[in-house]
Amino acid sequence: MYAVSKVSKSNQIVVPSEFRKYYDIEVGDKISWTKTEEGILLKVEKKYTEDDIIGLIKKELPYSSVEIKKRGSKGLKW
């Protein structure tokens, strides 16, 4: 896969649609830039929400998902 983006006057670029679709890049995701010997390495850093993280928990916990959100948003320790 190959694509070219042009830098605008305000130093912005557009992520080509085929890359957005292939890597599931969405609003809020970040792209990190790293200097390498070959050039620039771009990496997608997905934005994860509380719902995404809570959905990963498979086993029964002593707290409900509502309690987990409350404790997490208040920075309380378990």
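Residues numbered from 1 in each chain as written. Predicted model: local features only at pLDDT ≥ 70, side-chain atom pairs only at ≥ 80, totals over all residues. Heavy atoms only, no water.

- An unreviewed UniProt entry lists the protein chain under the name AbrB/MazE/SpoVT family DNA-binding domain-containing protein, with Methanobrevibacter olleyae given as the organism.

## Topic: the side chain of Asp29
Piece 1. You can see Asp29 is positioned in the loop between helix H1 (17-22) and strand S1 (30-35).
Piece 2. Here Asp29 falls in the buried class, since its relative accessible area comes to 15%.
Piece 3. Side-chain polar atoms of Asp29 contact the backbone nitrogen of Glu26, separated by 2.7 Å.
Piece 4. Looking at Asp29, its side chain comes within polar contact range of the side chain of Lys46, at 2.8 Å. (Helix = DSSP H or I, 4+ residues; strand = E, 2+ residues; numbered from the N terminus. Buried < 20%, exposed > 50% of the residue type's maximum accessible area, 1.4 Å probe, protein only. Polar contact = N/O pair within 3.5 Å; in protein donor to acceptor, adjacent residues only side chain to side chain.)

## Here's the deal with the layout of surface pockets
Piece 1. Its boundaries defined by the atoms lining it, the largest pocket holds a volume of some 510 Å³.
Piece 2. Taken together, 18 residues line the largest pocket, and the ones lying closest to its centre are Val15, Pro16, Phe19, Ile31 and Leu42.
Piece 3. When residues of the lining of the largest pocket are assigned to their parent elements, the largest contribution, four residues, is made by strand S2 (residues 40-45).
Piece 4. In the lining of the largest pocket, the residues fall into 16 nonpolar, one polar and one charged. (1 Å grid on protein atoms, 1.4 Å probe; cavity = no way out; pocket = protein on both sides within 12 Å on 5 of 7 lines; lining within 4 Å. Points joined across faces, edges and corners; volume = space filled by probe spheres on them. Nonpolar A, V, L, I, M, F, W, Y, C, P; charged D, E, K, R; others polar.)

## Some thoughts on the pattern of salt bridges
Piece 1. Tallying each qualifying case throughout the model produces two salt bridges.
Piece 2. The closest approach of N and O atoms between Lys46 and Asp29, which form a salt bridge, is 2.8 Å. Note that Lys46 is positioned in the loop between S2 and helix H2 (50-56) and Asp29 in the loop between H1 and S1, a separation of 17 residues in sequence.
Piece 3. We classify Lys46 as partly exposed; its relative accessible area is 26%.
Piece 4. Look at the salt bridges and you will find they share partners, linking Asp24, Asp29 and Lys46 into a network. (Salt bridge = Lys/Arg side-chain N within 4 Å of Asp/Glu carboxyl O.)

## As for the packing of aromatic side chains
Piece 1. Applying the stated criterion across every chain yields a total of two aromatic pairs.
Piece 2. Centroid distance Phe19 to Tyr23: 6.4 Å. Interplanar angle 15°. Geometry classified as stacked.
Piece 3. Aromatic rings pair up to connect Phe19, Tyr22 and Tyr23 into one cluster. (Phe/Tyr/Trp six-rings, centres within 6.5 Å; stacked < 30°, edge-to-face > 60°.)

## Quick word on the side chain of Ser32
Piece 1. In this fold, Ser32 is placed in strand S1.
Piece 2. Contact partners of Ser32, with chain neighbours within four places excluded, come to Leu41, Leu42, Lys43 and Glu45. (Contact = heavy atoms within 4.5 Å.)

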